[in-house]
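Letter by letter, the chains look like this.
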Amino acid sequence: MQKIGVFICWCGSNIAATVDVKRVAEAALHEPGVVYSADYQYMCSESGQTLIKNAIKEKGLTGVVVCSCSPRMHEATFRKAAESCGLNPYMVEIANIREHVSWIHKDIEEATEKAVILMRAAVAKVNLNQSLTAGKSDVVKRALVIGGGIAGIQTAIDIADAGYEVDIVEKKPTIGGKMSQLDKTFPTLDCAACILTPKMVEAASHEKIRIISYSEVESVSGFVGNFTARIKKKPRYVNEALCTGCGICAEKCPSRKSKNEFNEGMDTRGAVYIPFAQAVPKLAVIDPTACIKFKTGKCGLCERNCTAKAIDFNQKEQIIEEKYGAIVVATGFNPIKLDGLEEYGYSQNADVITSLELERLMNAAGPTGGVLLRPSDRQHPHKIVFVQCVGSRGLRPCDKPYCSKICCMYTAKHSMLIREKYPDTEVYVFYIDVRTPGKNFDEFYRRAVEQYGVHYVKGQVGKIVNDGGKLIVHGSDLLMNEQVIIDADLVVLAAAIEPDPTAKSVATMLTASIDTNNFFTEAHPKLRPVESPTAGVFLSGVCQGPKDIPETVAQASAAAVKVVGLLSKDQLTCNPCVAGSNELLCNGCSSCEKVCPYGAISYITKEVRRGDFRRVAFVNEAVCQGCGACTVTCPSGAMDLKGFTNKQIMAEVDAICK
Amino acid sequence: MQVENKEFKPTIVAFCCNWCSYAGADLAGTGRMQYPANVKIIRVPCSCRVNPTFILRAFQRGADGVIMCGCHPGDCHYTSGNYYARRRMTMLFDFLDYLGIEKGRTRVEWVSAAEGARFASVMNEFVKNVTELGPNKRITDLRCKMEKEGE
Amino acid sequence: MKKVLDIMQKRAKQLLGEGIVNRVIGWKTGEFGYDQTPAVFTSAAELSSLVYDSFSAPNLSKYLIEETKKEGKALVFLKPCDTYSFNQLIKEHRIDREKVFVIGVECSGKVDINSLKSRGAVGVIGVEDNGEKVIAHTLYGDMEFAKDDVLLEKCRSCKGKQHMVFDELIIVNPVKEEKNDRFIGVDALDAMTPDERFEFWRGQLLKCIRCNACRNVCPACSCIKCVFDNQNSGVASKASPDTFEEQMYHVIRAFHVAGRCTDCGECTRVCPQDIPLHLLNRKLIKDMNAFYGEYQAGTDTDSRAPLTNYTKEDVEPNVISDKGGDK
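Residues numbered from 1 in each chain as written. Chains lettered and ligands numbered in written order. Predicted model: local features only at pLDDT ≥ 70, side-chain atom pairs only at ≥ 80, totals over all residues.

On to the overall build of chain B, then. Helices and strands together make up the secondary structure of chain B, namely 6 helices and 4 strands. Counting all 151 residues of chain B, 72% fall into the buried class. Summarising the internal contacts of chain B: among those between residues at least 6 apart in sequence, 83% fall at separations of at least 24. (Helix = DSSP H or I, 4+ residues; strand = E, 2+ residues; numbered from the N terminus. Buried ≥ 20, exposed ≤ 12 C-beta atoms within 10 Å, placed from the backbone. Contact = placed C-beta atoms within 7 Å.)

Before going further, it helps to spend a moment on the nonpolar core. Residues and elements named next belong to chain A. One finds Val64, Cys67 and Met119 to be the most contacted residues of the largest nonpolar core, which totals 367 residues. If you tally residues by element for this core, the top one is helix H5 (residues 108-128), at 11 residues. Discounting residues that sit within four places of it in the chain, Val64 has contacts with Ile4, Gly5, Phe7, Ile52, Ile56, Ala82, Leu87, Met91 and Val92. (Core = buried A, V, L, I, M, F, W, Y, C linked by C-beta atoms within 7 Å.)

Residue and element names in this part refer to chain C. Summarising burial for strand E3 (residues 74-78): 5 of the 5 residues are buried, a large majority. Alignment of E3 against strand E4 (residues 100-105), held across 5 bridges, turns out to be parallel. Considered in E4, the bridge of Val76 is made with Val102. For the crossover that starts at E3, traverses helix H4 (residues 80-91) and ends in the parallel E4, the hand is right-handed. (Pairing = 2+ DSSP bridges. Right-handed = clockwise from strand over helix to strand, strands pointing away.)

What follows concerns the domain arrangement of chain C. Interfaces are often described in size by the accessible area the parts lose on coming together. Domain annotation for chain C reports domain 1 (2-108 + 162-170), domain 2 (111-151) and domain 3 (184-317). Here the C-alpha centroids of domain 2 of chain C and domain 3 of chain C sit 30 Å apart. (Domains from an automatic or database assignment.)

The next point concerns the interface of chain C and chain B. Tallying the contact residues gives 33 residues for chain C and 34 residues for chain B. Counting only elements with at least two residues in the side of chain C that touches chain B, the list comes to helix H9 (194-206), helix H11 (243-257), helix H13 (278-292) and helix H14 (318-321) of chain C. In terms of residue count, H11(C) provides more of the side of chain C that touches chain B than any other element does, 7 residues in total. In terms of residue class, the side of chain C that touches chain B is made up of 22 nonpolar, 2 polar and 9 charged. (Nonpolar A, V, L, I, M, F, W, Y, C, P; charged D, E, K, R; others polar.)

Residue and element names in this part refer to chain B. Read from one edge of the open sheet, 4 strands run E2-E1-E3-E4, paired in parallel fashion. The open sheet has two edge strands, strand E2 (39-44) and strand E4 (106-110), and neither has a second partner. Each adjacent strand pair in this sheet contributes to an overall mean axis angle of 20 degrees, direction not counted. Direction of pairing for strand E3 (residues 65-70) relative to E4: parallel, over a ladder of 5 bridges. Counterpart to Cys69 in the pairing with E4 is Glu109. Seen against the sheet, helix H2 (residues 21-30) touches strand E1 (12-17), E2 and E3 and runs at an angle of roughly 115 degrees to E1. (Axes fitted to C-alpha atoms, helices over the stretch in contact; angles between N-to-C directions.)

Here we take up the confidence of the model for chain C. Where the model shows low pLDDT, its predicted coordinates should not be examined in detail. Within chain C, residue pLDDT values average 91, and 95% of them lie at 70 or more. In the predicted assembly, ipTM is 0.94 and pTM is 0.74. (pLDDT = per-residue confidence, 0-100.)

Time to look at the packing of helix H4 (residues 81-98) of chain B against H13(C). As a packed pair, H4(B) and H13(C) sit with axes 10 Å apart at the nearest point and diverge in direction by 135 degrees. Taken as axis vectors, H4(B) and H13(C) run oblique relative to one another. Considering only the axes of H4(B) and H13(C), their crossing is right-handed. Along its contact with H4(B), which presents Arg87(B), Thr90(B), Met91(B), Asp94(B), Phe95(B) and Tyr98(B), the element H13(C) presents Lys283(C), Leu284(C), Asp287(C), Phe291(C) and Tyr292(C). Partitioning the contact of H4(B) with H13(C) into residue classes produces 6 nonpolar, 1 polar and 4 charged. (Parallel < 35°, antiparallel > 145°, perpendicular 65-115°, else oblique. Left-handed = near helix turned anticlockwise from the far one by under 90°.)

Shown next as structure tokens:
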């Protein structure tokens, strides 16, 4: 039998004005197990807590009920107080008689009666409470960053600088991500490569960072502090240890038909290639789908010319298995495919390009050497139309419902750069709204309009028709309320951005959740923006939602801080209110495993009674978050949730309905 | 009988998930939004923790109405709990209706932590509906009732 | 049917003789000719008492839970509907598939002795199904019945003649599939007013004597310890003087098997009080099909049952209040 103390808080007059606290205290003494009750003006105050502590010590209480404000407010306070004098903190329950009673009822009689009932329910529960001890689990002091764009790089560098080992897994042959393809960055117009490539080099040369490029995470098991990842390293057919990145192989390769991904397919590369001059790691890679040796068995020109003897046509896929304490998702984004948006004729007209393609056309390392020439005839365009919100903020199935956030600013940047470099070129921008909330952003946009004379047209483009080399853009000007027809030489579409297609499988692997647009969901949209709801999994960059570079870097560093905070602990304290299976009752039917959102349940064969070996559920307490989904699917009632057991909840039900 | 009709104050059990609905109820309190004292809230970690047994138990012990509140679908703190709860409760409540138990006695509502006003209005409406239905006679344990009245 | 039995006996003896299996789970005649019980046969001699005819209704799959815990392999005869239960038990890891040799046997529907009796058949000693009619052999001569009149409820609403799982099949006379709507009874109740439904179920559940036969025969009710027998579960109970316990028992039971019940109909068959228990399970099946897409438990061994699954677009619970009827 428990010895329960009941403590009724007045909360000044917040409770005491509507609830007859003396009567509640008196009623408590008639409840089973209750040996002591008291009321006090402010139970959460130092002296209120002392009152509880003294009672625990003097009366030898085994359980405590505090009738006060919401447990969301002070449950932790009272549990801590109990713990400080030797009572297990989970022997304390709160009856919420402020938010759920005194603040919403006016009639003292009615409110007091309800307060008594809630007190009674809490006492009934405490009578069945058991001491719970939080488990501990060790933390592996190594982090995994999935994705090697600017987000992943920044996160990795920050974690490594704090002294922890980090692996960056990048699916492409080089890190750098989308930022490496950009020419200049807004609103400062500094060159992307100048600020990114030093970071790439820093990551590569950091003693705590290992870059696992051309690789993908295949599966992840485990839990916060103790994940195990299987990483599939695709064969480069180039020995990484031997390759010097001299590029002679790429020069000699006779196959020249592959689209160059780095230049958005606007020029070609060899079957063996180095993605770009500043690639990290700077290693050649052979594309077996284009390689003549792979296709016909003959050639091997690269092999003969490689002085380092690095070409290895027999290289096989490799699996790396590593343990991690924390995982950061930095899987980034892609511009959407524009095939579905027929009005822009992207697939029909070579001179209708995306903004990312324009970045390459303007970049000195791009297909035109930085001279702006349109793709169809390599002529200098004199009239350029930019179209904003292509696939963003739309309601059709081919559209994205959200704002892609970065397009307004990069379009202003593009138009400004073009007007600067080619003053004879007219630039039009069709927009729905121009969104420029950011430091120096609106000033930047205004410069484009006021200083560079870019024509901003509020309205959308209905269709683009190719008329003998000219692109006839039919749009509407909503401010002038008229149709606009522009004969453009080049049309640039600000395509919406969407999460990388790998986001979905990565989310499944990590049991992290994604929203309807496949962006990762944060643990709390305001207060925990860089954590996923799954403990130990953090979010960095656009995988969580559209962001520009400064925001991405800020979030990347924030995620790193969270990781460092986790890795700095030697052990983690688990939530003790977790599920547990009574092996004697467990049928091993697997129902619970199916509904567990965290993969916390596995099955083991165990000798539950002598000679009786059975398949039974096993809950990994470090992974379980205590939702209780398993408890309800369990037909035999073997699965129960500590702190919210079937019996406890039924006791509360009984007390309320009595 | 007459007395019962005049004075009938139904006993209502509300299961609220800790993260959304219980917080919504707290917000209703903070906002001093009135709803009848008949409603007694039981805190559970997630709507998926609510076992049909708890609901039957409440009716057995004399509840006149049972309402379950959880996070809005898609917002579950545990990512998927309320989806399971949604299926389970849909099935349970339709099943009780099939047994002829008045369906006005059971209800599922999604209430977010920000919806204090909605919590109060949902409770007001539910209490009104259950009051109109009168005492629960169809799914209750006479022994519990006798015990209650004898007290 | 005699021919089928001959093949069954011959094959069983062969498998026993070759040591492929060390026992056979089948049916044998009980106290009366119509009263068959599941039985374990371990020798060729014992197998001579194996029977299979229109009274061989018991679903043998549940017995394999205990049988597969033993050494060696067991041979079991399963009718098409029994194979669903078998699959479901495999899915729930209750049966070790490796330790069972499944022979699927043809079935043209099993006969309900109570229907025969109520139609005047007294002293029934055997039964024969000639494909068209059912002929009851009685101490006082043969009687002929229309099949639909005397088949068990579960056979009148047969799920199909295909075996979902088997190692071998014994089919001498292929039985043709017949369409039937197993939800007619549920639909009729759904069409009633809630008051009428309440009266119907009160009338039915009041008959319940809590003998637990429905639970004990149910292949889905295979818990090592049933919650109703577990003092710690909070719902443990025995027969009670009023309706609530029965409501509680049957609602919880229906819920525990929801999505796992293959609709084998054994509960209704064994109920000594003739409570149409299948109407409870079928209501849940009907709802799950309507709300979450067609699902038949036991067709496979790896799908997720509706209640351990979800989609983001699932119907909201107010689908019930919106469908009309009373408040």
